[in-house]
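# Chains, contacts and geometry: an overview
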Amino acid sequence: MADTFDDLENLIACPHCDALYHVVSPKVGERAVCHRCHAVLIAPKRRAGMSIIMLALSVIVLVFGSIWFPFLTIHTSGFSNSATLLDAAFAFTDGPLLLLSLPVLALIVVIPLARVMLLIYVLWPVVLDRKPYQKAREAFLLSEKLRPWSMAEIFALGCAVALVKVADLALIGFGPAFYMFCTLVVIIVVQDNYMCRWSIWASLDPERDV
Amino acid sequence: MSGTGQLAALTAREAGLVGCRRCTRVWPIERTECGRCGASLESRDPKSLSRVWAWWTVGVMFYFPANLYPMLSTRTLLSTSESTIVGGAIDLIHHGSIGIAVVILVASVLIPMAKFLCIAFLALSARRNTDMSAGSRQHLYELVEYVGRWSMIDVFVVAILSALVQLNVAASINPGPASLSFALSVIFTMLSAQAFDSRLIWDRIEDADKPATPSTGASSPRQEDAYS
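Worth saying up front: this structure is predicted, and the values here are computed from it rather than measured.

### Re the state of the cysteines
Defined simply, a disulfide is a covalent bond joining two cysteines at their sulfur atoms. Considering all chains together, one arrives at zero disulfides over all chains under this definition. There is no disulfide at A:Cys196, and the cysteine sulfur nearest it, in B:Cys23, is 12 Å away. The class for A:Cys196 is buried, based on a relative accessible area of 6%.

### Focus: the domain arrangement of chain B
Accessible area lost when the parts come together is the quantity often used to give the size of an interface. Residues and elements named next belong to chain B. Per the domain assignment, the segments of chain B are domain 1 (1-45 + 199-217) and domain 2 (46-196). Summarising the inter-unit geometry, the C-alpha centres of domain 1 and domain 2 are found 35 Å apart. Taken residue by residue, the interface counts nine residues in domain 1 and 17 residues in domain 2. Here domain 1 meets domain 2 over a buried area of about 1,100 Å², counting both sides, of which 56% is carbon and sulfur. Our count for the contact surface shared by domain 1 and domain 2 stands at zero salt bridges. At the junction of domain 1 and domain 2, the tally comes to one residue pair in polar contact (both at pLDDT 80 or more). A class-by-class count of the residues in the side of domain 1 that touches domain 2 yields four nonpolar, no polar and five charged.

### Quick word on the layout of surface pockets
Roughly 440 Å³ of internal volume is contained in the second largest pocket. In terms of lining residues, the second largest pocket is bounded by 19 residues, among which A:Lys165, B:Thr74, B:Asp91, B:His95 and B:Ile173 are the most central. Looking at the lining of the second largest pocket, the elements that each hand over two or more residues are α5 (152-166) of chain A together with β3 (72-76), β4 (80-83) and α2 (85-94) of chain B. Per-element tally for the lining of the second largest pocket: the top contributor is β3(B), with four residues. Among the residues making up the lining of the second largest pocket, the classes are represented as seven nonpolar, eight polar and four charged.

### Topic: the side chain of B:Ser108
Residue and element names in this part refer to chain B. If you trace the backbone, serine 108 turns up in helix α3 (residues 98-125). Judged by relative accessible area, serine 108 falls into the buried class, the value being 1%. Setting aside residues no more than four positions away along its own chain, serine 108 makes contact with Tyr63, Ile85, Asp154 and Phe182.

### So, the interface of chain B and chain A
Counting from both sides, the interface comprises 80 residues of chain B and, opposite them, 78 residues of chain A. Buried area between chain B and chain A, summed over both chains or domains, comes out near 7,200 Å², and the portion from carbon and sulfur atoms is 69%. Where chain B meets chain A, there are four salt bridges. Counting across the chain B and chain A interface gives 15 residue pairs in polar contact (both at pLDDT 80 or more). Grouping the amino acids of the side of chain B that touches chain A by side-chain chemistry returns 49 nonpolar, 18 polar and 13 charged.

Cut-off values and rules
- Residues numbered from 1 in each chain as written.
- Chains lettered and ligands numbered in written order.
- Predicted model: local features only at pLDDT ≥ 70, side-chain atom pairs only at ≥ 80, totals over all residues.
- Heavy atoms only, no water.
- Disulfide = S-S within 2.5 Å.
- Buried < 20%, exposed > 50% of the residue type's maximum accessible area, 1.4 Å probe, protein only.
- Domains from an automatic or database assignment.
- Contact = heavy atoms within 4.5 Å.
- Buried area = accessible area lost by both parts, 1.4 Å probe.
- Salt bridge = Lys/Arg side-chain N within 4 Å of Asp/Glu carboxyl O.
- Polar contact = N/O pair within 3.5 Å; in protein donor to acceptor, adjacent residues only side chain to side chain.
- Nonpolar A, V, L, I, M, F, W, Y, C, P; charged D, E, K, R; others polar.
- 1 Å grid on protein atoms, 1.4 Å probe; cavity = no way out; pocket = protein on both sides within 12 Å on 5 of 7 lines; lining within 4 Å.
- Points joined across faces, edges and corners; volume = space filled by probe spheres on them.
- Helix = DSSP H or I, 4+ residues; strand = E, 2+ residues; numbered from the N terminus.

Right, dumping it as structure tokens:
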């Protein structure tokens, strides 16, 4: 059987159900879908590399902005307080709860930031039609492994829930960081939509002649 | 396409090949590391199910203290109160915020419980016959992977509230011990879902179907308009 498949480079195995296909590069805007489990296998987008890099740069700016500026402010009976994103991460100060601070910081700030930086590192030479950087494969693999742990959008919804919870206790105001963070969440979703993982892996393939 | 009813297909394993689950590149079955992306290759991970059950067990264990201990302690001028996940939601209903109470109950009670059950069902059904089709089980698995992360929302709410509501003597909110065990439960359950090799869902089709459908060679994936 295997001798009919000498050219393994032109085959693709569905990562979800293991069905084997010949690669047919779909036109831009179309996508190749697995027949039986309907997983999207290939979905190239026009000028995807540059768009992803631009969106990644804006994510970096917004992350630093939303760390620096106050996130939410609260006023009640003469007292007021404002909290930044870092305050929220370091709210767990009580003994063993301290263990939770670092994971929370990682989930909402460090991992989203690390992912976009890795993507810029991976895609920059590809966009310029140069040879990928030496560690590009490791970098993209790491970025893909971190994907489920990037939880900025969940944190944003958490803010909404927290607001309603204290709405009758005090007056809540949004700081600039809140709006920055919401923009960031939208950008991350748009960016994910641009990513065709198969195309990126294909462009990083060491066997590909540059 | 042959056997569309049963959805049998030529798989990489049957063709004597192994597909990379990260980058979908195909290699001879002996190969252990993907030459394109560097991920480790395994036609079917034999330890997949034991890892699923190991993470699952730890996740369930941490879920109990997460519900028994207080998630938040609220101190105002007159009183101090501690509330558990369910207790907090009941308070919200009393205050009239039924919508938010529903969000909390769904994210912190319904989703984790449903997730435990779904992962257990998927892991058990990988080894025996079920009435549920492979396609539906694949959907279930993707749903579990997608929705599971959202359970972290309760931990983030506690973080935001504790950082924000620090108003000297007027009121303050502090996290309770349940926040740690809840976060650990969510993380371990996510690891459990990630350890599951979804190709196990589909293998039974080929195993049952083998004599009936001769392999016809690899076909091409379906082309569709991304905007349809």
